[in-house]
Every structure is written in structure tokens, then in C-alpha cells.
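Residue-level structure breakdown
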Amino acid sequence: MGGPLDGIRIIDFTQVMLGPSCTQTLGDFGADVVKVERPQGGDLSRTGVLAHTGADNPVFLSLNRNKRGIAIDLTSEDGRRVVHDLLRDADVVVSNFRPGVMERLGLGYEAVSAINPRIIWAAGSGFGSSGPYVHKGGQDVLGQAYSGVMKRLSDPSHPVAIYATPLADYTAGLHLVQGILLALLDRERTGRGQQVEVSLYDSMLAMQMQEATTRLMFDEELNWALMPLSGCFPTADSEIVIIGAFKPNPLADICAALGLPDLSAEERFSSLDRLKENRTEIRKIIAERLCERSSEHWLTALEEQDVLCGPVRTLAEALSDPQTAHNQMILEFTDDEGRLVRTIAPPITMSAVTPEVRHTPPRLGQHSHELLAELGYDSSDIEALFADGSVR
């Protein structure tokens, strides 16, 4: 069954997360993604920091389904010839090297568009392709740190720390998908390819659009986590989160759920401004009450008052949640070696399209012979490329 991107060919030079998350999304919805890797080692996420390596690495498995793999030595003349042949009829080329690497390989936008004027040349980087930080390597944690995200704490008394999930990589990967799709739509109208770029830095700034606009216009801090009636609270057996907002008088509803007198009737808690002034005091009252009973008890009581609330889960608990199963967010497939792979499914639901796993995450160079044959190389040419190490 074809997807909306059926017939679109992506030449994928990406590795780790920003780029692979982008190209996997395109592949999930029908694009023919050709993953080009180094013959020695391939994508860095095949090894990474985990004990699991190669085909067993869950990082690689999570980011590289629906791709065909070819390993090419980009420093060899024959290897570059193969790449040029791949690019000739491609629609998109994607990379996330440091700025300048694709140019040094002879694969910058000008060079690639000379081979194929309709191609969309898409790149993700740490800080952009120019500017004072162009020399710096891009990495998710640096995106968090440079953009101000890491300093935005839910409690000013907490130490500054790395956010444990790669926000910058995933967000920039989604922005790169958007840019590629916009460029494909524009090409339908104009017949012209173009250059598309995103950076971890810009994506993290864009994520803070509300907070940044408040700072730029009024030089004020906007921190949703510091709203007086919202936050994480311990109960007798775990933790819950309460969002005391989006209602005419959320404090009255919280008090009703907790069996407290209506504290909003007291002058010190009578308005949002007064609640902000007395944030420590009101949160202390709520916290002490919540510690008396279980999370299940309080969630039931709060939901009866239509107060936004929920349990604070671990990832393992979320993965086993019935809503996760109902939403079909656990994707299972068997790889070419008969091993069951369990990972996260695409989060996009479409009424007329159902993504499917057409290709399991490729072994290094798994489809090299197949792809060369599709390009018109005969068996003797293919043997020669393998023999001199230009292709693996």
C-alpha cells in the first residue's frame, strides 16, 4: 500500500538522531529512503554509548526503519561516482554533518543542484551554516544550553541539569520534515528545487516562542511551571500533577476536591496576582493535604471537579498504559534475522493512510548490491566497486 510520499526518493546521509528521525518519518509515509553510510562503522548510532552494538542497538533500531542501506567510501572517486548516480534522479538529499562537510565532499547545494536542478538539499546543523558559532559541533545538549532551555527551571531552587530526553534533536528533526515537505510542495508549483536548513539552536528558540515574545516585548519572565496552582505534588504513595488553570476559579474547585474550605474566599488567595504573591503558602496547604491519601484517591476527587490532573509516570509505566495500546503506539516487527523489534510507532494518525514497515533497519551495506543494480551497474562493475572498497 503506497503512502503520500510514494515515488519520492530521499538520499540520506544523516546519522545519530536529528537527521534519522526526519528521514524515518518520510520513509514511514512512503518515501524511498536510501541510507548512505561509511563502510567502516556506519552511522554513529550503530555503536553509540550503549552496550548493545550493531544490529542490536535500540537507538539505531528506533530511528532507521523504512530505509535501504548502502555503504559508500565518499573519499574515493568511484564512491563519489556512485553517489552522483544516486542523486541524478533523487528528489531530496538530507544531511546533518557540521557545516562545510558536504561541501568538502563535493556534495554542497551548488554541486548537487548542478547534477539535479530539481533536487531539494536539506541540512540540519547545530547553529546554522553561517554566523559566530558555525565552527561548533551540533549536539542536543548544546542546543538546550545555548538556547536558554536548560536554564528554564520549574523551580528556581533546582540545580541546572541536562534534560533527559533529546528535545533539540527531535524538534529539529520535525522542523526538517516540515521544510522538506514545504519544498516539495513549492517544487510542484515552480518546478524548482531549493536549499532547506534547520538548526538545533533555532528549533529550541522556536519552542520558546511564548516565553521569548514576553521577554522581548515586556522584559518579563513567563514560566508556566511557576503558576501558583500548577505543579507536581507528592501523595501518600507517589506523585501527581495538577494544572490549576483554564477555569474561572480553579482554586475553589481544587479545594472542593481536597475537602478544604474555599480558600479563594480569603483575600490573600483572591486573585491570580495575590496567588502569585502567596505561592509558597498556597502550595504548602495543598501539598500537606495531598500527602494524606493515595494518588488514586486524589485523582478521582480532582477529576470529579473537572480539574486537570494526572499521575506522574515512569516511561515503563507509560509504555504499559492501556491508552498507549489503544493508540497503537507500540510498533512491532520482525527483522531480517527473525528478531522481534519493539519500538515506538509514528505519532501521526491519518484516516486514509496507514504507515507500514516496508524495510526493517538495514544492516550496514545490506542493500548495496540491489541499489547499484537499480542504477544500471552490471555485475562486473559491482564486483569491482566491492573489490576496491568503494562500496561495501
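Just so we're clear, the structure is a prediction, and the values are computed from it rather than from any experiment.

**A short note on the overall build of the chain**
- Scanning the chain from terminus to terminus reveals 17 helices and 11 strands.
- Dimensions of the chain, computed from the C-alpha atoms along their principal axes, are close to 85 × 50 × 40 Å.
- Expressed as a percentage of its 392 residues, the buried residues of the chain come to 44%.
- Expressed as a percentage of contacts within the chain between residues at least 6 apart in sequence, the contacts between residues at least 24 apart total 68%.
- Total accessible area on the chain stands at roughly 20400 Å², and carbon and sulfur atoms take up 55% of it.

**Some details on the sheet that holds strand S3 (residues 67-71)**
- Taken in spatial order, the six strands line up as S3-S2-S1-S4-S5-S6 in an open sheet, and their pairing is parallel. In the strand order of this sheet, the two ends are held by S3 and strand S6 (195-199), each with one partner. Sheet twist, expressed as the average angle between the axes of neighbouring strands with direction ignored, equals 20 degrees.
- Sheet topology places strand S1 (residues 9-12) next to strand S4 (residues 92-95); three bridges connect them, and they run parallel. Across the sheet, the residue bridging to Asp12 is Val94, located in S4.
- Helix H3 (residues 77-88) contacts S1, strand S2 (32-37), S3 and S4 of the sheet and is inclined by roughly 150 degrees relative to S1.
- Its contacts with the sheet place helix H7 (residues 167-190) against S4, strand S5 (120-125) and S6, and it is angled at close to 165 degrees to S6.

**A word on the packing of H7 against helix H8 (residues 200-207)**
- One can describe the packing of H7 onto H8 by two numbers: an axis separation of 8 Å at closest approach and a directional angle of 95 degrees. Here H7 is positioned roughly perpendicular relative to H8, judged by the angle of their axes. Every residue of H8 that contacts H7 at Leu167, Ala168, Asp169, Thr171, Ala172 and His175 is listed here: Leu200, Ser203, Met204, Ala206 and Met207.
- Here the residues of the contact of H7 with H8 are counted per class, giving seven nonpolar, three polar and one charged.

**Topic: a nonpolar patch on the surface**
- Judged by side-chain polarity, Tyr133, Leu142 and Tyr146 come together as a nonpolar surface patch covering roughly 240 Å² of accessible area.
- Inspection of the secondary structure puts Tyr133 in the loop between S5 and helix H6 (140-147).

**Things to note about the sheet that holds strand S9 (residues 308-311)**
- In space, the three strands of this open sheet follow the order S7-S8-S9, with antiparallel pairing throughout. Looking at which strands have only one partner, the edges of the open sheet turn out to be strand S7 (231-234) and S9. Each strand of the sheet is rotated relative to its neighbour by a mean of 25 degrees, with strand direction disregarded.
- In terms of strand pairing, S7 meets strand S8 (residues 239-243) through four bridges, oriented antiparallel. The partner of Phe233 across the bridge, within S8, is Ile240.
- The strands touched by helix H12 (residues 279-290) within the sheet are S7 and S8, with S7 carrying the most contacts at an inclination of about 40 degrees.
- Set on the sheet, helix H13 (residues 295-304) makes contact with S8 and S9; between it and S8 the angle comes to about 15 degrees.

**Some details on unusual backbone geometry**
- The phi dihedral of Val16 falls on the positive side, at around 70 degrees, and the residue is not glycine.
- Residue classification places Val16 among the partly exposed residues on the basis of a relative accessible area of 37%.
- The phi torsion at Asp306 lies on the positive side, around 60 degrees, for a residue other than glycine.
- Mapped onto the secondary structure, Asp306 falls in the loop between H13 and S9.
- Judged by relative accessible area, which is 57%, Asp306 ranks as exposed.

**Some points on the pattern of salt bridges**
- Under the criterion given, the structure shown has 29 salt bridges.
- A salt bridge links Glu281 to Arg268; the nearest nitrogen and oxygen atoms lie 2.0 Å apart. On the criterion of sequence distance, the pair formed by Glu281 in helix H12 and Arg268 in the loop between helix H10 (250-258) and helix H11 (272-277) is long-range, its members being 13 residues apart.
- Given a relative accessible area of 35%, Glu281 falls into the partly exposed group.
- Taking the relative accessible area as the measure of exposure, Arg268 reaches 25% and is therefore partly exposed.
- The partner of Arg274 in a salt bridge is Glu277, with the nearest N and O atoms 2.4 Å apart. Note that Arg274 and Glu277 are positioned in helix H11 at a spacing of three residues, about one turn of the helix.
- Since its relative accessible area comes to 55%, Glu277 is described here as exposed.
- Among the charged side chains, a salt-bridge network with shared partners connects Arg9, Asp32, Arg68, Glu370 and Glu374.

Conventions used here
Residues numbered from 1 in each chain as written. Predicted model: local features only at pLDDT ≥ 70, side-chain atom pairs only at ≥ 80, totals over all residues. Heavy atoms only, no water. Helix = DSSP H or I, 4+ residues; strand = E, 2+ residues; numbered from the N terminus. Buried < 20%, exposed > 50% of the residue type's maximum accessible area, 1.4 Å probe, protein only. Contact = heavy atoms within 4.5 Å. Areas by Shrake-Rupley, 256 points an atom, 1.4 Å probe, with all protein chains shown as cover. Pairing = 2+ DSSP bridges. Axes fitted to C-alpha atoms, helices over the stretch in contact; angles between N-to-C directions. Parallel < 35°, antiparallel > 145°, perpendicular 65-115°, else oblique. Nonpolar A, V, L, I, M, F, W, Y, C, P; charged D, E, K, R; others polar. Patch = residues over 30% accessible without salt bridge, like charges linked within 9 Å, V, L, I, M, F, W, Y side chains within 5 Å. Salt bridge = Lys/Arg side-chain N within 4 Å of Asp/Glu carboxyl O.

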